[in-house]
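As a plain string of letters, each chain reads:
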Amino acid sequence: TISLATARYCRLQHRLRRAIQRRTAKVMAQHLRPLAFQRRLAPSIASAASRAAAPFLSSPLSPPPCSPRGDSSSRWAIRERRSLSGGRFRLSPIATFSTDAAAAGGGRKGAFHKVAFVGAGKMAEAMISPLINTDIQPASDISIYDVSTTAMERVSSSHPGIGTAQNIPDCVSDADLIVLAIKPQNVEKVYAEIRRARSMSGGEASGGETGVTLREDAVILSIIAGTPISSFADGTGMPKVARSMPNTPAQIGQGVTVWSCTDSISADERQRIKDVLCCFGKAIYVDDESFIDMSTSISGSGPAYIFLLMEAMIDAGVHMGFSRETATTLVHQTLLGSTLYAMETGEHPAILRNSVTSPAGTTASAIYELENGKFRVVIKDAIWACYRRSLEMGGHASNVGPGRTQGLSNEAAAAAAAAGPIAPTRSAPESSRPVEAPSGELTDVSKTVN
């Protein structure tokens, strides 16, 4: 027990030395909290841990100790979670890329020899920032290309050392991971450029362009919504394709990414792709690609739903009399705290909601209005609409969801709809309470004409 506590405390101190050097003393104060850590240990164990950690605080920065699993993982995040039964510090890896893997990878300094980003928009920048900040991939081994020079200049100025290319063939040259972060309507143009890069590979290109080497083992990683894996394989002629759907919270390392890939990608390559995706937050692998379209409607577009709810709640607070700053703080902390509480307890949302809702209370009145306004139905319909649009963008039949003729193509479904409505199997439930007009808001027009 003492050895385990000592090792954990050493890793804690080592991580905090790096936080001091790379960030500020404020970050250290937020993450260290040594008194809280020591109070959770027996005094003797805390004393032994403090003595073992002394070299980390007095000596120059040394390599991190081995992880509890016995490997030499070089990236560790310090997380403190307070559970209902008593909080404790917990060290967890933010990436599984290890120094041993780097040595076995031919001396590459990052997870990949070179990562090429085709597109330098918000999502690309959301991926680039944590890649560099967590040392998964050095900036010198990343290249970007975008039709907008302003976008490339913005990314390169934020992350010095990133290479910028004048065209797609130069960008993807010698890259073993090609990230496509473009609009779905531009994929055909990118396909043509990648095919041109393949034809140029191996020598000097015509027209005075520099020689381009497109690696045969290069992996295409897509973050384009709605475009299936088969489209990338057929359009580029490259067999190794991985498709993913991240979301915007990846910019702060709190995103969630659902991804899948072709069978031609080896287990080692899958692990390195996962290492890259995990630095944005949580990565979930699925065998069936159809789940990516489903995740687009929940996690991919989900932040927009939350931001709309956030906006409505803040505006209501301002309408009631709060300052916008105070209303914003109240809403932000409420959403954050509720999410963390649900994750920590693991309870069903209905149980948590009932614990807040007292009979005939204020929350019950609010829930009554939400249910009368079909809040659940609107949310579900929005998610289904997003899913159908994702299928349409991928060229698939989108007649899915409640009230839809599932299994038919779009044309067949249109023909079925023209033939007439299908009789429902049961009558729709009627409201138990008739809708009444709000008093004082409607006026008898006949009494006001004169």
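The structure reproduced in this document is the subject of the present report. (Residues numbered from 1 in each chain as written. Predicted model: local features only at pLDDT ≥ 70, side-chain atom pairs only at ≥ 80, totals over all residues. Heavy atoms only, no water.)

**Some thoughts on the overall build of the chain**
Counted only if it meets this: To qualify as a helix, a DSSP run of H or I must reach at least 4 residues; to qualify as a strand, a run of E must reach at least 2; elements of each kind are numbered from the N terminus. Throughout this description, buried means an accessible area under 20% of the type-specific maximum (1.4 Å probe, protein chains only), exposed means over 50%, and partly exposed covers the range between. Should any heavy atoms of two residues lie within 4.5 Å, those residues are considered in contact. For the area figures, the Shrake-Rupley method with a 1.4 Å probe applies, and any residue is considered shielded solely by the protein chains shown.
A tally of helices and strands in the chain yields 18 helices and 10 strands. Looking at the chain as a whole, 36% of its 450 residues are labelled buried. Within the chain, counting contacts between residues at least 6 apart in sequence, those at least 24 apart form 62% of the total. Accessible surface computed for the chain: about 25,800 Å², of which carbon and sulfur atoms make up 58%.

**Some thoughts on helix H14 (residues 324-345)**
To keep it simple, the criterion reads: What a helix should span is 1.5 Å times the count of its residues minus one.
With 22 residues, H14 should reach 32 Å at 1.5 Å per residue; the first-to-last C-alpha distance of 31 Å fits that figure. Gly346 lies just past H14 and shows a positive phi near 75°.

**Looking at the nonpolar core**
Across soluble globular proteins, nonpolar side chains have a tendency to be buried as a group. This is how it is decided: For the purposes of this section, nonpolar cores are sets of buried Ala, Val, Leu, Ile, Met, Phe, Trp, Tyr and Cys residues that join through side-chain atoms within 4.5 Å.
By size, the foremost hydrophobic cluster in this structure holds 35 residues, and its most contacted members are Phe117 and Ile273. For Phe117, the contacting residues outside a window of four places in its chain are Ala124, Met127, Ile128, Leu131, Ile142, Ser143, Ile144, Tyr145, Cys171 and Val179. Counting 26 residues, the second-largest nonpolar core is a separate cluster that includes Cys171, Ile194, Met200 and Val241.

**Remarks on the environment of Thr262**
The residue Thr262 is located in the loop between strand S9 (255-261) and helix H11 (267-278) in this model. What makes Thr262 buried here is its relative accessible area of 16%.

**Quick notes on the side chain of Thr262**
Heads up, the condition is: Two N or O atoms count as a polar contact when they lie within 3.5 Å, although within protein this holds only if one can serve as hydrogen donor and the other as acceptor, and sequence-adjacent residues are included solely when both atoms are side-chain atoms.
Among the polar contacts listed, one links the side chain of Thr262 to the side chain of Ser264, at a separation of 3.0 Å. Those residues in contact with Thr262 that lie beyond four places of it in its chain are Ile229, Pro239, Lys240, Val241 and Arg270.

**Comments concerning the layout of surface pockets**
Filter applied, for reference: A 1.4 Å probe that fits but cannot get out identifies a cavity on a 1 Å grid over protein atoms alone, an open set with protein on both sides within 12 Å along at least five of seven lines counts as a pocket, and a residue lines either if it has an atom within 4 Å of a point. Grid points are joined across faces, edges and corners, and a volume is the space filled by probe spheres set on the points. Charged means Asp, Glu, Lys or Arg here, nonpolar means Ala, Val, Leu, Ile, Met, Phe, Trp, Tyr, Cys or Pro, and polar covers whatever is left, Gly included.
Volume-wise, the second largest pocket comes out at about 910 Å³. When residues of the lining of the second largest pocket are traced back to their parent elements, those giving at least two are helix H6 (122-133), helix H9 (187-200), helix H12 (290-300), helix H13 (302-320) and helix H17 (375-393). For the lining of the second largest pocket, the leading source of residues is H17, giving 4 residues. Residues of the lining of the second largest pocket, tallied by class, amount to 20 nonpolar, 10 polar and 6 charged.

**Re the side chain of Ser222**
Among the secondary structure elements, Ser222 is positioned in strand S7 (residues 219-222). Classification of Ser222 by relative accessible area gives buried; the value is 0%. Within polar-contact distance, the side chain of Ser222 engages the backbone nitrogen of Ile224 at 3.0 Å. Apart from residues no more than four positions distant in its own chain, Ser222 is found in contact with Leu180, Phe232, Ala242, Arg243 and Ser244.

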